[in-house]
Amino acid sequence: EGKYLWLVTTTGIVKFDTLGHVKKGFVFDGTTTSVTALTDITLLPNGQIATNGTMAGTLKYGGDTIATPSGEGWNPVLAIIDTSGRLVKMEQLHGGGFYDEGNTITSDNAGDIYFGGQVESSVHAGAFSYTSHGGNTDYFVAKYGYNCNCTLATEPLANYTYSVNGTVSFTYTGSSSPDSVRWDFGDGTTANGAVVPKSF
């Protein structure tokens, strides 16, 4: 990113300038009974940063938390933050074995993310599902992005308008027709729906 270098550590992301000085650091916290190991990083075309790794137990970033369901061991994890450190996405793939890991990540010019890792028996998330064909472990590669042949110029775009009449009302006006709309106002409050009122 310009004159800076982003580096992933086992529990965070660090930004360095060309002289090696630390400019920013973002930390992912695991609980004392959990596994947290970030392993790779990629810079997305929109300036956001994606990282992946392995988690078990509870993983925290700021005020956001995800936990592995009971009966699952290590799971691959994917997180996206913007360059100011604001969390955009934090999700896990659910593994059927104990040692399921996220190991590598990259992205393309359209902002699609490709990440891979080790799977013992099966792994799934959303529409993605993979089942092993035998042996101790397999390697999976998954794509995270839009389910379309989008380019950066034609990808779905989120947008909104607002009006003030006692309270502020926000209206989603994005270019796609999403299944749902979730608002994050940056002050710790959120709302759901295409049109929402907000008091400041």
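For the structure, check the block above.
Residues numbered from 1 in each chain as written. Predicted model: local features only at pLDDT ≥ 70, side-chain atom pairs only at ≥ 80, totals over all residues. Heavy atoms only, no water.

Novice: I'm lost on the sheet that holds strand 5 (residues 35-43) in this one. Help?
Specialist: Where strands meet in a sheet, backbone hydrogen bonds hold them as pairs that are either parallel or antiparallel. If you trace the 4 strands from one edge of the open sheet to the other, you get 5-6-9-10, paired in antiparallel fashion. Looking at the sheet topology across the chains shown, the edges are occupied by strand 5 and strand 10 (87-92). Taken over all neighbouring pairs, the strand axes of this sheet differ in orientation by 20° on average, direction set aside. Judged from the 8 bridges that link them, strand 5 and strand 6 (residues 49-56) form a sheet pairing that is antiparallel. Directly across from T42, in strand 6, lies its bridge partner A50. (Pairing = 2+ DSSP bridges. Helix = DSSP H or I, 4+ residues; strand = E, 2+ residues; numbered from the N terminus. Axes fitted to C-alpha atoms, helices over the stretch in contact; angles between N-to-C directions.)

Novice: Can you help me understand the pairing of strand 21 (residues 195-198) in this one?
Specialist: Regular strands place their side chains on alternate faces of the sheet. Only one face of strand 21 is covered, namely the one carrying V196 and K198; the face carrying V195 and P197 has none of its residues buried. In the sheet, strand 18 (residues 167-172) pairs with strand 21 via 4 bridges, with the strands oriented antiparallel. What sits directly across from S169, in strand 21, is P197. (Buried < 20%, exposed > 50% of the residue type's maximum accessible area, 1.4 Å probe, protein only.)

Novice: How should I be thinking about the sheet that holds strand 12 (residues 101-107) in this particular structure?
Specialist: Taken in spatial order, the 3 strands make up an open sheet running 12-13-16, and their pairing is antiparallel. Since the sheet does not close on itself, it has two edges, and those belong to strand 12 and strand 16 (138-144), each with one partner. Direction aside, neighbouring strands of the sheet carry axes that sit 20° apart on average.

Novice: Before we go on, may I ask you to explain the packing of aromatic side chains in this structure?
Specialist: Each pair of aromatic rings is reported with the distance of its centres and the angle of its planes. All chains considered together, the criterion is met by 8 aromatic pairs. With a centroid separation of 4.8 Å and an interplanar angle of 90°, the aromatic rings of W74 and Y99 are classed as edge-to-face. Separated by 25 residues along the polypeptide, W74 in the loop between strand 8 (64-67) and strand 9 (75-81) and Y99 in the loop between strand 11 (94-95) and strand 12 bring together distant segments of the chain. Given a relative accessible area of 24%, W74 falls into the partly exposed group. Between Y160 and W183 the ring centres are 6.0 Å apart and the planes differ by 80°, which places this aromatic pair in the edge-to-face class. A residue pair is termed long-range when its members are at least 10 positions apart, and Y160 in strand 17 (residues 160-165) and W183 in strand 19 (residues 182-184) qualify at 23 residues. (Phe/Tyr/Trp six-rings, centres within 6.5 Å; stacked < 30°, edge-to-face > 60°.)

Novice: Explanation requested: the pattern of salt bridges in the structure shown.
Specialist: Oppositely charged side chains may form a pair once their charged atoms are brought near each other. Throughout the structure, instances matching the rule amount to 3 salt bridges. For D17, the salt bridge is made with K23, and the minimal N-O distance between the two is 3.7 Å. Note that D112 and K143 form a salt bridge whose closest N and O atoms lie 3.8 Å from each other. Highlighted residues: D112 in the loop between strand 12 and strand 13 (113-119) and K143 in strand 16, separated in sequence by 31 residues. The class for K143 is partly exposed, based on a relative accessible area of 45%. (Salt bridge = Lys/Arg side-chain N within 4 Å of Asp/Glu carboxyl O.)

The values are spatial; any link to function lies outside them.
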